[in-house]
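An overview of the molecular structure
This is what each chain is made of:
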Amino acid sequence: MSRRRIGFWYRLAAAIAKPPLVLLFKRDWRGMEHIPAQGGFITAVNHNSYLDPLSYAHFQYNTGRVPRFLAKAPLFKPAFVGAVLRGTGQIPVYRESTDAANAFRAAVDAINSGECVAFYPEGTLTRDPDLWPMVGKTGVARVALMTKAPVIPVAQWGANEVMPPYAKEKKVRLFPRRTLRVVAGPPVDLSAFYGQEASAEVLRDATDTIMAAVSELLGELRGQNPPAERFDPRKQKGTAK
């Protein structure tokens, strides 16, 4: 299979974003050897800061395999930002609409064409009080089982120290100079789910397998053991009610 070339728009985005990232932050990158050199694949990444898409994209850009993100449709509206997002091949997600499934079809097409699609399986910034990955949404598992492409778990830590999620004061904490840590692991083994009907239970179990791999990597970065049970915001809403 082919691989996506690093075209004009991606090089422009890198030229804008990389200098301040290199200047302002230290880097601790591990596991680049797990990023496939050829063929389509999926990355499943934890999400704990508004800055971490830049941290992760910097890591993967330097592997030579550029990711295509599933991004909220409103991000495509500003003229310049929208042009960059479209030019770099990012995939708009129209939530709660009849067009929502188009994002998954586009992701499948991209992977089958030899590209990388990056998923934030949690769907939003984690709401876990200790910033561990939450229960994941099943879209990543659905695409993984449809394509049978390698799923590379990725964990990151450090961007949250610069831009904490849900902070009352929207301040960027640049000093002291922080370290952006990113680690990619070996492909998640989903072979037990191949050939099964994509029922809600199968998709949930496959998603939990992916999230367990991401959580384990994050535990390595943090030097801690991830919690035995992942935070589920739906249960928290039910408890609140």
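Located above this text is the structure these notes cover.
Here is a short report on the structure shown in this document. (Residues numbered from 1 in each chain as written. Predicted model: local features only at pLDDT ≥ 70, side-chain atom pairs only at ≥ 80, totals over all residues. Heavy atoms only, no water.)

The number of helices and strands found in the protein is 8 helices and 7 strands. Across its three principal axes, the protein shows a C-alpha extent of roughly 50 × 45 × 35 Å. Burial analysis of the protein (241 residues in total) assigns 47% to the buried set. Considering only contacts within the protein whose residues lie at least 6 apart along the sequence, 75% involve residues at least 24 apart. With the model as given, the accessible surface of the protein reaches about 12,500 Å², and the carbon-plus-sulfur share is 55%. The protein carries 33 positive and 21 negative side-chain charges, and their two centres are separated by 9 Å. (Helix = DSSP H or I, 4+ residues; strand = E, 2+ residues; numbered from the N terminus. Buried < 20%, exposed > 50% of the residue type's maximum accessible area, 1.4 Å probe, protein only. Contact = heavy atoms within 4.5 Å. Areas by Shrake-Rupley, 256 points an atom, 1.4 Å probe, with all protein chains shown as cover. Lys, Arg positive; Asp, Glu negative; His and termini not counted. Charge placed at Lys NZ, Arg CZ, Asp CG, Glu CD.)

The 7 strands are arranged β1-β7-β6-β2-β5-β3-β4 in an open sheet whose pairing can be described as mixed. The sheet is open, and its two borders are formed by β1 (26-30) and β4 (91-93), each paired with just one other strand. Neighbour to neighbour, the strand axes of the sheet diverge by 25° on average, direction disregarded. In this structure, β1 lies alongside strand β7 (residues 179-184), joined through 5 bridges in parallel fashion. Across the sheet, the residue bridging to D28 is R181, located in β7. Seen against the sheet, helix α7 (residues 200-222) touches β1, β2 (41-45), β6 (151-157) and β7 and runs at an angle of roughly 35° to β6. (Pairing = 2+ DSSP bridges. Axes fitted to C-alpha atoms, helices over the stretch in contact; angles between N-to-C directions.)

Attention now moves to the environment of K18. On the secondary structure map, K18 appears in helix α1 (residues 8-24). The class of K18 is partly exposed, set by a relative accessible area of 25%. Along the sequence, K18 and A79 sit 61 residues apart, while their C-alpha atoms lie 21 Å from each other. Contacts of K18, omitting those with residues within four sequence positions, involve H58, Y61 and N62.

So, about a nonpolar patch on the surface. A contiguous nonpolar surface patch, about 280 Å² in accessible area, is contributed by I16, F80 and V81. Structurally, the position occupied by F80 is in helix α3 (residues 79-87). (Patch = residues over 30% accessible without salt bridge, like charges linked within 9 Å, V, L, I, M, F, W, Y side chains within 5 Å. Salt bridge = Lys/Arg side-chain N within 4 Å of Asp/Glu carboxyl O.)

To continue, consider α1. Across its 17 residues, α1 extends 25 Å between first and last C-alpha, which sits within 8% of the 24 Å expected from 1.5 Å per residue. Those residues of α1 lying buried are Y10, A14 and L21. (Expected span 1.5 Å × (residues − 1).)

We now examine α7. Each α-helix winds once per 3.6 residues, and so residues spaced three or four apart point in a common direction. In a regular helix each residue adds 1.5 Å, so 23 residues correspond to 33 Å; α7 covers 32 Å between its end C-alpha atoms and thus fits that length. At the exit of α7 stands G223, carrying a positive phi of roughly 70°.

Size it by volume and the largest pocket reaches roughly 1,600 Å³. Secondary-structure elements contributing two or more residues to the lining of the largest pocket are α1, α2 (52-61), β3 (67-72), α3, α4 (100-112), β5 (116-119) and α5 (139-147). With 8 residues, α1 is the largest single contributor of residues to the lining of the largest pocket. Broken down by class, the residue content of the lining of the largest pocket amounts to 32 nonpolar, 8 polar and 6 charged. Ranked by the residues each element gives to the lining of the second largest pocket, the list is headed by helix α8 (residues 233-240), at 3 residues. Of the residues in the lining of the second largest pocket, the class split is 3 nonpolar, 2 polar and 7 charged. (1 Å grid on protein atoms, 1.4 Å probe; cavity = no way out; pocket = protein on both sides within 12 Å on 5 of 7 lines; lining within 4 Å. Points joined across faces, edges and corners; volume = space filled by probe spheres on them. Nonpolar A, V, L, I, M, F, W, Y, C, P; charged D, E, K, R; others polar.)

In short, geometric facts, not functional conclusions.
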